[in-house]
Amino acid sequence: ADDTQVQGNILFAGNTFTFMPEMPLLSQMHGDLDFSEKGVEAKDLKAQFLGGPARIYGRLAQSSDALRFEGTLAGPALTQLSNTPSMSRFSGKAAYKGKVGYQRGGAVDISVESDLVGMAIDMPAPVGKAAPASQLLKVQWSPAQDRGAQNRRWLTASLGDGVNALFERAPSEGGASYFARGALGINRPASLPERGLSLNASLPELDLDAWEKVSDG
């Protein structure tokens, strides 16, 4: 039997790091990351992420484990996630918390949530909000949940009770945009189109002109 053991430690001192190639960089990292053949453990890593400070802690050794993180993100830094023009409509800063885990097969699963207090969203109702208002945002970055080409990833999000979004990342398509297609649902499910961005909404009054301005930037 092979009883070789692997064990080590990485000391970050102002380094840059990312959990996977398509994820925004963690910069100015400080702290220790222990690793072995069983997994990794972060005791108290600190870094800059999405325009604000972040802290990472926890361990990843089995499927029930998670690396947890918390911090503050800045609205203008969200363009690191997507180059769509609508990303410029976020301003201010908000606290968030989340976790990184592994699914079967080793795929990375990342989930984040924030009440968005401190961040303004310059969009029509019901997405738009003033900075002081609380609106629960939940985001998950995970492998695509349908049948299709491999290595696709989905960014799913919900805002409050009635808004949900789904964006697909398909590296094999090699398009200019980070996401190959996306969908926004308002009081209805977000349903991915063949390409581009779709809107599926059920509202007493929908300001189509205002939403068209959002899609144009």
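For clarity, every value in this text was computed on a predicted model and none was experimentally measured. Along each chain, the written sequence defines residue order, and numbers are assigned to residues from 1. Only residues with pLDDT of at least 70 are given local features in this predicted model, and only at 80 or more are side-chain atom pairs given and counted; all residues enter the totals for whole chains, interfaces and linings. Hydrogens are left out, water is left out, and the side-chain values use all remaining heavy atoms of the structure.

Draft legend 1. Summary view of the overall build of the protein chain. The way it works is that DSSP assigns letters per residue, a run of H or I at least four long becomes a helix, a run of E at least two long becomes a strand, and they are numbered from the N terminus. When helices and strands are tallied, the protein chain shows one helix and 13 strands. Taken from N to C terminus, the helices and strands of the protein chain fall in the order β-β-β-β-β-β-β-β-β-β-β-β-β-α. The globule rule is 2.2 Å times the number of residues to the power 0.38, and the radius of gyration it is compared with is taken over C-alpha atoms. Relative to the globule expectation of 17 Å for 217 residues, the C-alpha radius of gyration of the protein chain, 19 Å, shows essentially globular dimensions. Considered along the principal axes of its C-alpha atoms, the protein chain spans approximately 65 × 40 × 30 Å. Whether a residue is buried, partly exposed or exposed follows from its accessible area with a 1.4 Å probe, protein chains only, as a fraction of its type maximum: under 20%, in between, or over 50%, in that order. Expressed as a percentage of the 217 residues in the protein chain, the buried residues total 37%. Long-range contacts, defined here as pairs at least 24 residues apart, represent 37% of the contacts in the protein chain between residues at least 6 apart. Whether two residues touch is decided by their heavy atoms; if any such pair falls within 4.5 Å, the residues are in contact.

Draft legend 2. Fine view of the pattern of salt bridges. Each salt bridge in this description consists of a side-chain nitrogen of Lys or Arg and a carboxyl oxygen of Asp or Glu lying within 4 Å of one another. Inspection of every chain in the model, using the stated rule, returns nine salt bridges. For Arg-152, the salt bridge identified is with Asp-146, shortest N-O distance 2.8 Å. According to the relative accessible area criterion, Arg-152 is buried, its value standing at 10%. Via salt bridges that share partners, Asp-44, Lys-46, Arg-55 and Glu-70 belong to a single interconnected network.

Draft legend 3. Structural view of unusual backbone geometry. Cis geometry marks the peptide bond from Ala-125 to Pro-126; its omega dihedral reads 5 degrees. Of note, the phi angle at Leu-50 is positive, near 50 degrees, even though the residue is not glycine. With respect to the element layout, Leu-50 can be found in the loop between strand 3 (39-49) and strand 4 (52-60). The exposure class of Leu-50 is buried, given its relative accessible area of 7%.

Draft legend 4. Structural detail: the confidence of the model for the protein chain. For every residue, the pLDDT score states the predictor's confidence, bounded by 0 at the bottom and 100 at the top. Counting all residues, the mean pLDDT for the protein chain is 85, and 93% of those residues have values of 70 or more. When pLDDT is averaged over each element of the protein chain, strand 8 (residues 119-121) comes out on top at 95 and helix 1 (residues 208-216) at the bottom at 76.

Draft legend 5. How the structure looks around the packing of aromatic side chains. Planes of paired rings set the category: under 30 degrees apart is stacked, over 60 is edge-to-face and the rest tilted, where pairs are Phe, Tyr or Trp rings (Trp by its six-membered ring) whose centres lie within 6.5 Å. Scanning the model with the defined rule gives four aromatic pairs in all. On the basis of an interplanar angle of 40 degrees and a centroid distance of 5.5 Å, the ring pair of Phe-167 and Phe-179 is categorised as tilted. Placement of Phe-167 in strand 11 (residues 163-169) and of Phe-179 in the loop between strand 11 and strand 12 (181-186) is noted, with a sequence separation of 12 residues between them. What makes Phe-167 partly exposed here is its relative accessible area of 26%. What makes Phe-179 buried here is its relative accessible area of 10%. An aromatic cluster of three or more residues is present, and its members are Trp-141, Phe-167 and Phe-179. A positively charged side chain is recorded as over a ring if its NZ (Lys) or CZ (Arg) lies within 6 Å of the ring centre. The angle to the ring normal must also be within 35 degrees. Stacked on the ring of Tyr-57, the Lys or Arg Arg-55 has its end atom at 4.3 Å from the ring centre.

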